[in-house]
Amino acid sequence: MKHTGWRKPTPGLGVAEQLAQAGERVAVPKTRAFVALKRVGAHIGLKAADMMLLDTLGAFTQSQDWEQGRRPIVWASNAYLMEQTGFSLSALKRHARRLAEIGVISFRDSPNGKRWGRRDANGRIVEAYGFDLSPLSARVEEFEELQAELQAERELCQRMKRQITVARRMIRARIEAALSDALRGPWMQFTGLFKELLDRLPRRREPSARLERLLTRFKELQERVESVYLQAIGAENSVENCGDDGLQAGRNAPEMDPREVISGPHIQSTIQLHPVTSNSRETSEIHGPAPHTPQKKPTAEKLDVSDANDRQTKATLDLSTIMQACPEFASWAQNIGGFLKSWGDLHRVAGQLRPMIGISDHTWNVAQGRMGKQVATAAFVLVFEKHSTGEIASPGGYLRGMVAKAGAGELHLERSFYGRLSEQAA
């Protein structure tokens with residue numbers, strides 16, 4: 001920038017002029033330029049008053065000013081700008097200087113320091129001196145890339161915050177259950193460690209790196225609490241079953257690892273269920289056949305989630321498929337329920353996990369009433385998995401949407417589960 005003797009040149013103003021020259025060589029619509037800037041304005045140091053002045057300047061420009069080979073220059077007087085913005089003269093100069101130092105406008109000064117300009121018959125600027133908005137054109141792609149990075153960072157932070165919330169609720173539930181049942185273990189020590197982590201929860205926006213470290217600490221504590229809790233439960237059960245009958249039963253019972261992966265092939269029992277509009281058969285199968293009905297040989301238990309719009313299509317899901325498609329839920333389920341061998345076990349675990357992700361009693365009862373317990377349970381598994389992986393932010397709202405789709409015959413659970421399996425295999 002040429003030094004006229006009345007404006008002190010600075011490195012920032014020099015960079016702004018270089019950006020203006022670069023902006024003159026590209027054609028960028030004014031709307032795109034301003035949208036890109038506003039999305040990252042706070043991040044690059046712009047204040048609300050700076051943006052107000054920039055909007056006021058932008059209102060003076062016309063679409064042809066942003067064409068390639070031209071510059072959008074504004075020569076409005078200080079008096080007019082002060083009237084439009086409500087700034088004092090010193091505030092106006094201060095905000096204009098900050099816009100230039102940050103590199104979103106440039107000063108195109110006349111020899112005498114006056115702002116003026118004129119247009120031809122077609123409305124194109126022939127000569128002008130004043131505020132040059134060309135740097136915006138030069139930085140549009142930079143701002144758009146920065147916005148994409150900021151959005152990815154926000155989504156990552158939100159996902160980790162949800163994971164922290166789930167881990168926090170699980171730790172609290174385990175400690176409270178252990179203290180309530182008077183289980184043996186270092187529960188007071190865990191309570192202290194838990195409180196220390198709670199005190200570290202961010203009160204304002206934090207970078208993902210710090211949240212990741214905090215999430216790791218919560219997960220480590222959760223694993224310790226889970227391990228001690230399961231050991232304490234096992235010891236409690238051993239004491240209760242120390243009688244002769246219990247001992248004999250223990251000797252004859254097959255060995256079961258409560259931490260065994262529940263998505264394995266050991267899940268055998270299944271249930272055949274009509275589409276989501278049917279509840280009567282579900283009830284009869286959950287409680288078993290009537291006393292006068294001959295007992296049938298158990299068959300592979302599968303959940304019928306047929307397309308309500310196509311009664312000819314019969315698609316079924318078994319527990320193994322559901323667990324394999326939803327590994328996050330499977331991990332939580334095995335910690336809570338241990339060995340799951342039926343839809344009843346899965347329904348019980350779903351009822352325990354439901355409050356952890358904020359699904360209300362009313363929403364859960366409506367889902368079961370309208371979809372049936374088993375279809376509602378399968379739907380909950382999918383909701384829990386998507387919430388754990390950060391795909392949805394409102395589990396209750398998502399489940400209500402699934403209930404509405406089921407009522408309209410548009411719920412296709414089998415597509416969702418098999419789709420997730422396909423993504424895992426890809």
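Preceding this paragraph is the structure being described.
The sections below set out a description of the structure shown in this document. (Residues numbered from 1 in each chain as written. Predicted model: local features only at pLDDT ≥ 70, side-chain atom pairs only at ≥ 80, totals over all residues. Heavy atoms only, no water.)

### Here's the deal with the pairing of strand β3 (residues 116–119)
Rules: When DSSP locates at least two bridges between a pair of strands, those strands are taken to pair. To qualify as a helix, a DSSP run of H or I must reach at least 4 residues; to qualify as a strand, a run of E must reach at least 2; elements of each kind are numbered from the N terminus.
Of the strand pairs in this sheet, β3 and strand β4 (residues 125–132) are connected by four bridges, and their pairing is antiparallel. Of the residues in β4, the one forming a bridge with R119 is I125. With antiparallel pairing between neighbouring strands as the criterion, β3 and β4 make up a hairpin whose turn holds five residues, including G123 at a positive phi of roughly 85 degrees.

### Some points on the packing of helix α1 (residues 11–24) against helix α6 (residues 134–180)
What counts is decided by this rule: Interaxial angle, 0 to 180 degrees, is taken between N-to-C directions of lines fitted to C-alpha atoms, where a helix line uses only the stretch in contact. Here is the rule for angles: anything less than 35 degrees is roughly parallel, anything more than 145 is roughly antiparallel, 65 through 115 is roughly perpendicular, and the remaining ranges are oblique. Contact definition: two residues touch when any of their heavy atoms are within 4.5 Å. Think of it as three bins: nonpolar holds Ala, Val, Leu, Ile, Met, Phe, Trp, Tyr, Cys and Pro, charged holds Asp, Glu, Lys and Arg, and polar takes everything else, Gly as well.
As a packed pair, α1 and α6 sit with axes 6 Å apart at the nearest point and diverge in direction by 75 degrees. Taken together, the axis directions place α1 and α6 in an arrangement best described as roughly perpendicular. For the pair formed by α1 and α6, the contact residues are A16, L19, A20, A22, G23 and E24 on the first element and S134, P135, S137, A138 and R139 on the second. Looking at the contact of α1 with α6, its residues break down into six nonpolar, three polar and two charged.

### Quick notes on the packing of helix α3 (residues 48–58) against helix α4 (residues 78–85)
How we decide: Put simply, a crossing is left-handed when the front helix is turned counterclockwise from the back one by less than a right angle, and right-handed when it is turned clockwise.
For the pair α3 and α4, the least separation of the axes is 10 Å and the interaxial angle reads 120 degrees. The orientation of α3 with respect to α4, classified from their angle, is oblique. Taken as a pair, α3 and α4 cross one another with a handedness that is right-handed. Facing α3, whose interface residues are M52, L53, T56 and L57, α4 presents L81, Q84 and T85.

### Side note on the environment of A367
The line we're drawing: For every residue, the accessible area obtained with a 1.4 Å probe (protein chains only) is divided by the maximum for its type, and the residue is called buried under 20%, exposed over 50%, and partly exposed between those limits.
In this fold, A367 is placed in helix α14 (residues 361–371). Given a relative accessible area of 0%, A367 falls into the buried group. Spatially, the C-alpha atoms of A367 and R400 are 7.3 Å apart, while their sequence positions differ by 33 residues. When neighbours within four sequence positions are excluded, A367 is seen to be in contact with G372, A376, L399 and V403.

### Quick notes on helix α7 (residues 187–199)
Because an α-helix completes one turn every 3.6 residues, residues spaced three or four positions apart along the sequence face the same direction. For clarity, the threshold we go by: Here, expected helix span is obtained from the residue count minus one, scaled by 1.5 Å. Along the arc lie the directions from the helix axis toward the C-beta atoms.
Here α7 is 13 residues long and its end C-alpha atoms lie 18 Å apart, about the 18 Å a rise of 1.5 Å per residue gives. Taken as a whole, α7 has its buried residues at W187, F190, F194, L197 and L198. Seen along its axis, α7 keeps its buried residues to an arc of 100 degrees; they face one direction. Exposed side of α7, more than 90 degrees from the buried face: M188 and K195 are the residues found there.

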